[in-house]
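Take a look at the letters that make up each chain.
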Amino acid sequence: GNSVTQMEGPVTLSEEAFLTINCTYTATGYPSLFWYVQYPGEGLQLLLKATKADDKGSNKGFEATYRKETTSFHLEKGSVQVSDSAVYFCALGMAGGRRALTFGSGTRLQVQP
Amino acid sequence: DVKVTQSSRYLVKRTGEKVFLECVQDMDHENMFWYRQDPGLGLRLIYFSYDVKMKEKGDIPEGYSVSREKKERFSLILESASTNQTSMYLCASSLKARAGGLRTEAFFGQGTRLTVV
C-alpha cells in the first residue's frame, strides 16, 4: 500500500537557521505530493504541492522538489522565523479514484528567537 | 476560499454517550473525510464519502459511523463513546479527481478536540 515516512521531531532551530524536513514515500504509480502545516490549535493548511517528477512546489519561502528517483519530497526553507513554529505533514494522493490522501506522522518544528 | 466548518472546537462527553461531530463545507466538493489525529501517529482516516449517501471505511472505522444526507454535510457518530476515542478529529473535503486526473488537495476544518471521561 501507499505510505509516507517523515523524520521524527521535534526539530528545534534558532531564528534564521536553514530548515530541512525529510519526507519519503512508497506508492504504486505516480502520486501527487503535498506539504501541509498545522499551527497550534488549528486544522491543517496546504503549504505547497507538486504533481509530477521534478516539479518544485513553493510558498511562503518554503520549497520542496518531487524526486521520483529517490521517492522523496523534502521540505526546505532558507531562513526560518518564530512564526514558522508548527507541525508539518507530508502527504500523497494517487491520480484518479476517490481515495483520501495518505499522511505522514508529522514533524513538529520549534523556532527559538 | 473554501471553508470547512466543524460544529465544535472542544467537546467533553461521558463514556457510553452517543456523540455527533458535524462538518459542513461550502464549495460543492464531492469528497469528504474524517480523520483522527493523535501524537506520534499523524492523521488516520476513519471514513470518507465520495457522494451523498455513499461512504467507505478508512483505516480505523471501528467504533464509528458516518452520515451524509446532503452534499455539504458529513457527520461522524460515536455510537458509544469510550476513553480511547479521546482525540483531535479533523474533517476535510476535496474535489473528486476526474478520470486519469491528478489528485487535488484536501481542505481542512479547524478540528474538534474530543475528551471522553
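Look a little higher up for the structure.
A. A look at the environment of A:Ala50. All names here are of chain A. Tracing the backbone through its elements, the reader meets Ala50 in strand β6 (residues 44-50). Residue class for Ala50 comes out buried when judged on its relative accessible area of 2%. Residues Ala50 and Phe34 lie 16 residues apart in sequence; the distance between their C-alpha atoms is 6.5 Å. Setting aside its immediate chain neighbours within four residues, Ala50 contacts Ser32, Leu33, Asp55, Gly57, Tyr66 and Phe73.

B. Expanded view of the pattern of salt bridges. Residues and elements named next belong to chain B. Taken as a whole and assessed by the stated rule, the structure comprises nine salt bridges over all chains. With its nearest N and O atoms 3.6 Å apart, the salt bridge here joins Lys18 to Glu79. Taken together, the residues span a long stretch of sequence, with Lys18 in the loop between β2 (10-13) and β3 (19-25) and Glu79 in the loop between β8 (73-78) and β9 (87-94) at a distance of 61 residues. Relative accessible area serves as the criterion here: at 45%, Lys18 is assigned to the partly exposed category. Between Glu69 and Lys53 there is a salt bridge whose closest N-O contact spans 2.4 Å. One end of the pair, Glu69, is in strand β7 (residues 64-70); the other, Lys53, is in the loop between β5 (42-51) and β6 (54-57), and 16 residues separate them in sequence. Take Glu69 and Lys53: they sit in the same class, and that class is exposed.

C. Fine view of the pairing of strand β8 (residues 62-65) of chain A. All names here are of chain A. Sheet topology note: the strand β7 (residues 56-59)/β8 ladder contains four bridges and is antiparallel. By the bridge assignment for β8, Gly57 is matched with Ala64. Here β8 runs beside strand β9 (residues 75-77); their pairing, made up of three bridges, is antiparallel. Among the inter-strand pairings, Phe62 is bridged to a residue of β9, identified as Lys77.

D. Highlighting the pairing of strand β1 (residues 3-6) of chain A. Residue and element names in this part refer to chain A. With burial as the criterion, only one face of β1 is covered, namely that bearing Val4 and Gln6; the residues Ser3 and Thr5 on the opposite face remain uncovered. Of the pairings in the sheet, the one linking β1 to strand β4 (residues 23-26) comprises four bridges and is antiparallel in character. Counted as the bridge partner of Gln6 is Cys23 from β4.

E. Structural view of the nonpolar core. Residue and element names in this part refer to chain A. In this structure, Leu19, Trp35, Leu47, Leu48, Phe73, Leu75 and Tyr88 are the most contacted members of the largest nonpolar core, which totals 26 residues. Mapped onto this core, the elements with two or more residues apiece are β2 (11-14), β3 (19-21), β4, β5 (32-38), β6, β8, β10 (86-93) and β12 (107-112). Tallying contributions element by element places β10 first for this core, with four residues. Filtering out sequence-adjacent residues up to four positions away, Leu19 remains in contact with Val11, Leu13, Phe62, Leu75, Glu76, Lys77, Val80 and Leu109.

F. Spatial organisation of the state of the cysteines. Enumeration over the complete set of coordinates arrives at two disulfides over all chains. Disulfide pairing places A:Cys23 opposite A:Cys90 at an S-S distance of 2.0 Å. Its S-S torsion of approximately -70° makes the covalent link between A:Cys23 and A:Cys90 left-handed. Here A:Cys90 lies in strand β10 and A:Cys23 lies in strand β4, a separation of 67 residues in the sequence. Each disulfide pairs two cysteine sulfurs, and for B:Cys23 the partner residue is B:Cys91, the sulfurs being separated by 1.9 Å. Its S-S torsion of about -80° marks the bond between B:Cys23 and B:Cys91 as left-handed, since a negative value means left-handed.

G. Quick look at the packing of aromatic side chains. In this structure the tally under the stated criterion is twelve aromatic pairs over all chains. One aromatic cluster is present, built from ring pairs that chain together A:Phe34, A:Tyr36, A:Phe89, A:Phe103, B:Phe33, B:Tyr35, B:Phe48 and B:Phe108.

Cut-offs used in this document
Residues numbered from 1 in each chain as written. Chains lettered and ligands numbered in written order. Predicted model: local features only at pLDDT ≥ 70, side-chain atom pairs only at ≥ 80, totals over all residues. Heavy atoms only, no water. Helix = DSSP H or I, 4+ residues; strand = E, 2+ residues; numbered from the N terminus. Buried < 20%, exposed > 50% of the residue type's maximum accessible area, 1.4 Å probe, protein only. Contact = heavy atoms within 4.5 Å. Salt bridge = Lys/Arg side-chain N within 4 Å of Asp/Glu carboxyl O. Pairing = 2+ DSSP bridges. Core = buried A, V, L, I, M, F, W, Y, C linked by side-chain atoms within 4.5 Å. Disulfide = S-S within 2.5 Å. Phe/Tyr/Trp six-rings, centres within 6.5 Å; stacked < 30°, edge-to-face > 60°.

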